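Coordinates in review
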Amino acid sequence: MITTPKYTRDLLPAEFSNDTSAQVHRFQFIEERARDLFRRYGFKEIRTPIFEHTELFARGVGTETDIVSKEMYTWKDINGDSLTLRPENTASVIRAYIQHKMWGQAETVKLFYVGPQFRRERGQKGRFRQFYQIGAEVIGNSDNPAIDAECIEMIMQLVADVGIGNAELRLNSVGDAESRPRFAEMIRRELAPKISSMCGDCQRRYETNPLRILDCKLDHEVVAGLPSTLDLLTDDARQHFETVCRYLDARGISYKIDSRLVRGLDYYTKTVFEVVSGSLGSQNALLGGGRYDGLSKELGGPAAKGFGFALGLDRFAMTIPENSGDQGNPDLYIAHLGAAAFERALVLVQGLRKKGIAAAVDFETRSLKSSMKLADKLKARYVLILGESELASGQWALRSMKDSSQSTISAENWLEEITNLVGAEEAV
RNA sequence: GCGAUAGUAGCUCAGUCGGUUAGAGCGCCUGGUUGUGGCCCAGGAGGUCGUGGGUUCGAGUCCCAUCUUUCGCCCCA
């Protein structure tokens, strides 16, 4: 039997999946809520290729990151190009911003994306080799803290809209280009006497990227003893961060400042944040993001500033309440008896579907009993019973599966009567 | 890449010390008299016990290998 590749999975309709966190209607529900928010906040959708030139991610994400150094699906195309399945989407969006010279059209560009990303990681709860992200980016001349605050506001609104209650927002600033060397210098100075006893990763990071040591879980006691990097921010970066905090306060958005929060992508500057949920297990980040003022230039574009975030749809789907989303069951099922009724039913569903009603009909003619069973299994809200006596009398029976009540539909006015009854409740 | 778990029916699982035709619940199909779902009752279909090798008179059960799952480390969404 051919199955899904390692650590990938099918997202299925609810009736085919016991694993609620892999049911498509939950993903659709989250996407719908997100799209509605993006519309209100003025974000337009962008769809970038699922693969790009490898160089884009190497330069954009950073060669020192885990993602680029060991998690990318990279292959050589026939013409010799090195191509890579996108491990994240921000670099692609910035690439598109540059390629299409968007800065010439609008001072501030607001884009969002929805789609699969690929990283060759070992699977685990909430982590897959093909996973889905929704993200948004604000790109332009301005690095006004109001942008940071508005994006965070929007994303926290989404968290609330989909019904996630126990999420915590963590906030930090990783500083600007001038702050970074101060962090590194401080960390090297403080850790010089202790580094030989720290873990292998930290010893390597000590040389290559000292900031990442803050992320270490093994030597967290040593890390906890370090001075806060927030004290080392340049005036500009500090002021920016304080303003973001003030703007969030004004909106009534609560957050926890975590000076050890370091993100694994190299492009972040100043504001970084993530939202975690206690109910996720070890991979507890629901979403993450921040500011990346150097990325456009790094990729050969203008010196545009940027702010963005990505949320893990798979993890959202695990966290939203049990009954979220509409499984798409029929509004009405037609139980037909006999050849004449069957042919009539085929035309009736066409009319109902044109009116926006989810009408179902079985292609086999069967007993009324098994038709009713099927309607029950399909979770149809109503059953229209169409048999010989109904056709003869012009009085059709419409049964509510919820309360077992039955009413009569007249053959002359059937479409209106049914739409009124079935469609009216639909709107509720 | 490292560590740990598990793999028996569509699903969730039981299966004793190695010993006859491998079980249960749920689901599915059929029936319980005329054209009415759920509840109940009866019957039925469905399994190379992940795969390959080995030990043995005999392997779902023991050994080795391999694949896959899940969870943790790492890292991220």
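Look above for the structure.
Given the structure is predicted, the values throughout are model-derived calculations rather than measurements. All residue numbers refer to positions counted from 1 along the written sequence of the respective chain. As a convention, the first chain written is A and the first ligand written is 1, with the rest following in written order. With pLDDT at 70 or above as the cut-off, local features in this predicted model cover only qualifying residues; side-chain atom pairs require 80 or more to be listed or tallied, and sums for whole chains, interfaces and linings still use all residues. Calculated side-chain values reflect all of the structure's heavy atoms, with hydrogen atoms and water omitted.

For sheets, the rule is that strands pair by backbone hydrogen bonds, running either parallel or antiparallel. With antiparallel pairing, the three strands of this open sheet are ordered in space as E2-E4-E3. Only two strands of the sheet have a single neighbouring strand rather than two, namely strand E2 (51–53) and strand E3 (74–76). Within this sheet the neighbouring strands show an average axis-to-axis angle of 35°, counted without direction. The strands touched by helix H2 (residues 54–61) within the sheet are E2, E3 and strand E4 (82–85), with E2 carrying the most contacts at an inclination of about 80°. Whether two strands pair depends on DSSP finding at least two bridges between them. Secondary structure elements are defined from DSSP: runs of H or I of at least 4 residues count as helices, runs of E of at least 2 residues count as strands, and each element is numbered from the N terminus. Axis lines are fitted to C-alpha atoms, over the contacting stretch for helices. Their N-to-C directions set the angle, which ranges from 0 to 180 degrees. Residues are treated as being in contact if the distance between any of their heavy atoms lies within 4.5 Å.

To continue, consider the sheet that holds strand E12 (residues 332–336). With mixed pairing, five strands are arranged side by side in an open sheet as E13-E12-E14-E15-E16. The strands lining the two open edges of the sheet, one partner per strand, are strand E13 (359–361) and strand E16 (406–410). Geometrically, the sheet is characterised by an average inter-axis angle of 30° between neighbouring strands, direction not taken into account. Taken together, the five bridges between strand E15 (residues 395–400) and E16 define a ladder with antiparallel strand orientation. Bridge pairing links Trp396 to Ile409 in E16. On top of the sheet, helix H12 (residues 339–354) reaches E12, E13, strand E14 (382–386) and E15; it is set at about 160° to E13, its chief contact. The strands that helix H13 (residues 368–377) touches are E12, E14 and E15; relative to E12, the one it contacts most, it runs at about 165°.

Counting buried positions over the five residues of E14 gives five, a clear majority of the element. Strand direction decides the pairing type here: E12 and E14, joined by five bridges, are parallel. Paired with Ala335 across the bridge in E14 is Ile385. To sort residues, take the accessible area from a 1.4 Å probe on protein chains only and compare it with the maximum for the residue type: under 20% means buried, over 50% means exposed, and anything in between is partly exposed.

The next subject is the protein's contact with RNA strand B. Taken together, 47 residues sit near RNA strand B, with Arg119, Arg205, Arg263, Gly264 and Ser404 positioned nearest. Note that a phosphate oxygen of RNA strand B is positioned 3.1 Å from one of the backbone N or O atoms of Lys125. The definition of a polar contact used here is a pair of N or O atoms within 3.5 Å, where within protein one atom must be able to donate a hydrogen and the other to accept one, and adjacent residues in sequence count solely through side-chain atom pairs. At 2.8 Å, a side-chain N or O of Gln133 approaches a sugar or linking oxygen of RNA strand B. Contributions of two or more residues to the surface near RNA strand B are made by strand E6 (130–140), strand E10 (285–291), strand E11 (305–312), H13 and helix H14 (388–393). By convention in these notes, a residue is near a molecule or strand provided one of its non-hydrogen atoms lies within 4 Å of it.

Each pair of packed helices can be summarised by the angle the axes make with each other and by the distance between the axes. The geometry of helix H5 (residues 145–161) relative to helix H9 (residues 235–250) is characterised by a closest axis approach of 8 Å and an angle of 40° between their N-to-C directions. With respect to their mutual orientation, H5 and H9 come out oblique. When the axes of H5 and H9 are compared, the crossing they make is right-handed. On H9, the residues that touch Pro145, Ala146, Asp148, Ala149 and Ile152 of H5 are His240, Thr243, Val244, Tyr247 and Leu248. Lys, Arg, Asp and Glu make up the charged group, whereas Ala, Val, Leu, Ile, Met, Phe, Trp, Tyr, Cys and Pro make up the nonpolar group; the residues left over, Gly among them, are polar. A per-class count over the contact of H5 with H9 returns seven nonpolar, two polar and one charged. Any angle that is under 35 degrees is reported as roughly parallel, and any over 145 degrees as roughly antiparallel; angles of 65 to 115 degrees are reported as roughly perpendicular and all others as oblique. We call a crossing left-handed when the near helix sits turned anticlockwise from the far one by less than a right angle, and right-handed when that turn is clockwise.

With that settled, the discussion passes to helix H7 (residues 200–208). Within H7 the residues assigned to the buried category are Cys202, Arg205 and Tyr206. All buried residues of H7 project into a common sector of 110° when viewed along the axis, lining one side. What points out from H7, more than 90 degrees from its buried face, is the exposed set Gly200 and Glu207. Looking at the buried positions of H7, the neighbouring elements they touch are helix H6 (179–191). In this description, the arc belongs to the directions extending from the helix axis to the C-beta atoms.

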